[in-house]
Amino acid sequence: MAYAITQTCCNDASCVSVCPVNCIHPTPDEPEFGTTDMLYIDPRACIDCGACADACPVDAVYPVDRLRGPDTVFGDLNRDWFRDHPSDHAWGAPSFPRSLPDELGALRIAVVGTGPSAGYTAQELLRGTSAEITMIDRLPVTGGLLRHGVAPDHQSTKRIAESFASVFRDPRLRMHLNVEIGTDLTHQELAAHHHAVVYAVGAAADRRLGVPGEDLPGSLPATAFVRWYNAEPTVPADAVELSAQRVVVIGNGNVAVDIARILLTDPDRLAATDIADHALAALRRSRVREVVLLARRGPGQAAWTRAEFLALRQLPGVEVVVEDHPEVRAAIEAAGAEAGSGSGAGSGTGSDTAAGAGLLAGLPLVPFDGSAEPGPGRRIVLRFLSAPVELSGDGRVEALTVERTTPTADGRVEGTGATDVLRAGLVVRSIGHRGVPLPGLPFDERAGTVAHRNGRVVDPATGRPLPGTYVVGWAKRGPSGGIGANRACARETVDALLDDAAARALLVPEAGRKDFERLVRHRRPDAVGLRELRAVERAERERGEAEGRPRVKLASVPELLAAGRR
């Protein structure tokens, strides 16, 4: 029986590298790898060896005959992907690990950040070179997006952190947490102690709506909401108020889907995860019964991935409905007709537009009056072709005014002038992330990223690289791609760094590793190292074991520092 890849696929391609018959696609060498939602196994070529399942860091690979319940659809999705992507599974040219001339000696590389892109960068350097690594993070814990961005009910996705734990324990790696570059240390000071500096700092800011009332209490960016339920220590425990019956989430990407799902999931199910204690308590008291996912464009342009949306449709005790609208109904019917012809969403192939609308087939199309109180039960309302124009309320958000939009011939949408009001006590803006400028580094305002070329940070005025300065992850390519996409991204940046090392184009450190450690202790006496980090890990896991949970996160900087000292 063939294997299939399921919802939690992380796209880091560990399975591709161990498959003896090259039946997992797209591979990192194929054009679609950078944009695919997940990877797929061809059941006609799979030899049932199980190597992919053993290698998968997030337990996303299962024999098709062991799939149960909502996961059974992934057997069909894996098979059907190859209808539109025929492959002879021929091997490409071999690639070999990079090496450096012995006379260069051991490089000292600083990596700013400890999330997935930082972890993959350190992993590449430690496996392929004799480099000594310094890792720095502004928080007293590691993990970045893995700890503070992945939804708590996606515990299997978080298992990829285990592969990074061994990287962090490598004797050639030194860790300095609770240290902020730009505040405690400057880029110039990092550069003075290392041959190269790699920034893996993500995209920490949210895009704004630019409408009146956006900053009222009760209007939150998605990053704040996600960090709140994931116990990110800079977000207060009382940052989210759940006393309203209706919540509007603006956007329909995977983050918006995560927020809707967490808001309406039975808290008893979440109690078995590592959700923040304060979030779990708030969800138990929550009055929220309806979440509206608001989209400016039509269903064919929905940004969620197929796997995440299919999981949303299976949420126990929650009805998912689509607001009935003539253009939305027409898009769904057209996608269904295309699927019936064997080339659309129903078969897992065809255009992205048809696939997006086709996922809605079978969902109830219902009238929706946002000015009325939600009805009984819990439900998610998908409302398309609606753009926010104003948030209003007496001291906090009480309503959202939206304007109807209509598709244009060139694939955009334009306002129709028709408006209506949705009563809501909480509005979450989930319309994308954006990088923030880093002190001492050039910033591309238009892209919202560190200015770079293939990972080399460049001066926009001259186009010349800044010696020994690199970027990786969302700070490099913008907020696109999941956790596993950072593996290929890190490899490109590390290749650029090693090319520069071989060309003798890196920095020449003015001081050594011990000098840097003394500087850190002087500037930040409460910096956290590996010993303290492991103490935090033990404390959280012991608390979790006592409650039957994977861990109970410490949710403030003082708590984390105290646990580290113990």
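Residues numbered from 1 in each chain as written. Predicted model: local features only at pLDDT ≥ 70, side-chain atom pairs only at ≥ 80, totals over all residues. Heavy atoms only, no water.

Novice: Tell me what's going on with the nonpolar core, and back it up with residues and numbers.
Specialist: Counting 119 residues, the largest nonpolar core has I5, I24, I109, I133, F225, W304 and L382 as the members making the most contacts within it. Those residues in contact with I5, other than ones at most four positions away along the chain, are C15, I24, M38, L39, Y40, I41, A60, V61, F74 and N78. (Core = buried A, V, L, I, M, F, W, Y, C linked by side-chain atoms within 4.5 Å. Buried < 20%, exposed > 50% of the residue type's maximum accessible area, 1.4 Å probe, protein only. Contact = heavy atoms within 4.5 Å.)

Novice: Could you give an account of the pairing of strand 19 (residues 426-429), with specific residues and numbers?
Specialist: Across the two faces of strand 19 the burial is the same, with L426 and V428 and V427 and R429 all buried. The pairing of strand 10 (residues 219-221) with strand 19 spans 3 bridges and is classified as parallel. Bridged to S219 within strand 19 is V427. Across 4 bridges, strand 11 (residues 246-250) lies against strand 19 in parallel orientation. Residue pairing across strands places V248 opposite V427, the latter belonging to strand 19. (Helix = DSSP H or I, 4+ residues; strand = E, 2+ residues; numbered from the N terminus. Pairing = 2+ DSSP bridges.)

Novice: Give me the lowdown on the side chain of E403, citing residues and values where you can.
Specialist: Structurally, E403 can be placed in strand 17 (residues 399-407). Within the local environment of E403, its side chain forms a polar contact with the backbone nitrogen of G417, the two atoms lying 2.8 Å apart. The contact partners of E403, leaving out residues within four places of it in the chain, are L385, S386, A387, V389, G415, T416, G417, A418 and T419. (Polar contact = N/O pair within 3.5 Å; in protein donor to acceptor, adjacent residues only side chain to side chain.)

Novice: I'd like a rundown of unusual backbone geometry, residues and numbers included.
Specialist: Peptide bonds are mostly trans, and most non-glycine residues show a negative phi. The amide bond that connects H25 to the next residue, P26, takes the cis arrangement and shows omega of -5 degrees. Structurally, P26 is set in the loop between strand 2 (24-25) and strand 3 (40-41). Not every positive phi belongs to a glycine, and N178 is a case in point at roughly 65 degrees. In the Ramachandran plot, N454 falls in the positive-phi region, its phi being about 55 degrees despite a non-glycine side chain. For N454, the position within the fold is in the loop between strand 23 (452-453) and strand 24 (456-458).

Novice: Any details on the side chain of K553? Residues and values, ideally.
Specialist: Summarising the element assignment, K553 is placed in the loop between helix 19 (530-547) and helix 20 (557-565). When its relative accessible area of 5% is taken as the criterion, K553 is described as buried. Reaching out from K553, the side chain makes a polar contact with the backbone oxygen of R147 at a distance of 2.7 Å. The residues touching K553, leaving out its near neighbours within four places in the chain, are R147, K158, N230, A231, D274, E540 and R543.

Novice: Summarise the state of the cysteines; cite the residues concerned and give the values.
Specialist: Across all of its chains, the model carries 0 disulfides by this definition. No disulfide involves C10; its sulfur sits 5.9 Å from the nearest other cysteine sulfur, which is in C56. (Disulfide = S-S within 2.5 Å.)

Novice: Break down the sheet that holds strand 19 for me, with residues and values.
Specialist: If you trace the 7 strands from one edge of the open sheet to the other, you get 10-19-11-12-15-13-14, paired in parallel fashion. In this open sheet, the two strands that pair with only one neighbour each are strand 10 and strand 14 (365-366). Sheet topology places strand 13 (residues 318-323) next to strand 15 (residues 378-383); 5 bridges connect them, and they run parallel. In the sheet register, V318 faces strand 15, and the bridge partner there is R378. Taken strand by strand, helix 9 (residues 222-229) contacts strand 10 and strand 19, and its axis lies near 80 degrees from that of strand 10. (Axes fitted to C-alpha atoms, helices over the stretch in contact; angles between N-to-C directions.)

Novice: How would you explain the sheet that holds strand 7 (residues 173-177) if you had to name every residue and give the values?
Specialist: Across the sheet, 7 strands lie side by side as 7-6-5-8-25-24-23; this open sheet has mixed pairing. Of all strands in the sheet, those bounded by a partner on one side alone are strand 7 and strand 23. Packed on one face of the sheet, helix 17 (residues 485-502) meets strand 5 (108-112), strand 8 (196-199), strand 24 and strand 25 (465-471) and runs near 155 degrees to strand 25.

Novice: Report on the pairing of strand 15, specifying residues and quantitative values.
Specialist: Bridging between strand 12 (residues 290-294) and strand 15 involves 5 bridges; their strand directions are parallel. For L293, the partnering residue across the bridge sits in strand 15 and is L382.

Novice: How would you summarise the packing of helix 9 against helix 10 (residues 254-264) if you had to cite specific residues and measurements?
Specialist: The interhelical angle for the contact between helix 9 and helix 10, taken along N-to-C directions, is 45 degrees, at an axis separation of 11 Å. Compared by their axis directions, helix 9 and helix 10 come out oblique. Classified by chirality, the crossing of helix 10 by helix 9 is left-handed. Each of A222, F225, V226 and Y229 in helix 9 lies in contact with helix 10, whose residues at this interface are V255, D258, I259, I262 and L263. Classifying every residue of the contact of helix 9 with helix 10 gives 8 nonpolar, no polar and 1 charged. (Parallel < 35°, antiparallel > 145°, perpendicular 65-115°, else oblique. Left-handed = near helix turned anticlockwise from the far one by under 90°. Nonpolar A, V, L, I, M, F, W, Y, C, P; charged D, E, K, R; others polar.)

Novice: Give a description of helix 4 (residues 116-128) that names residues and reports values.
Specialist: Compared with an ideal rise of 1.5 Å per residue, which puts 13 residues at 18 Å, helix 4 spans 18 Å between its outermost C-alpha atoms and is within 8% of the ideal. The buried fraction of helix 4 amounts to 10 of the 13 residues, a majority that puts the element mostly inside the structure. Where helix 4 is concerned, the buried positions are P116, S117, A118, G119, Y120, T121, A122, Q123, L125 and L126. (Expected span 1.5 Å × (residues − 1).)

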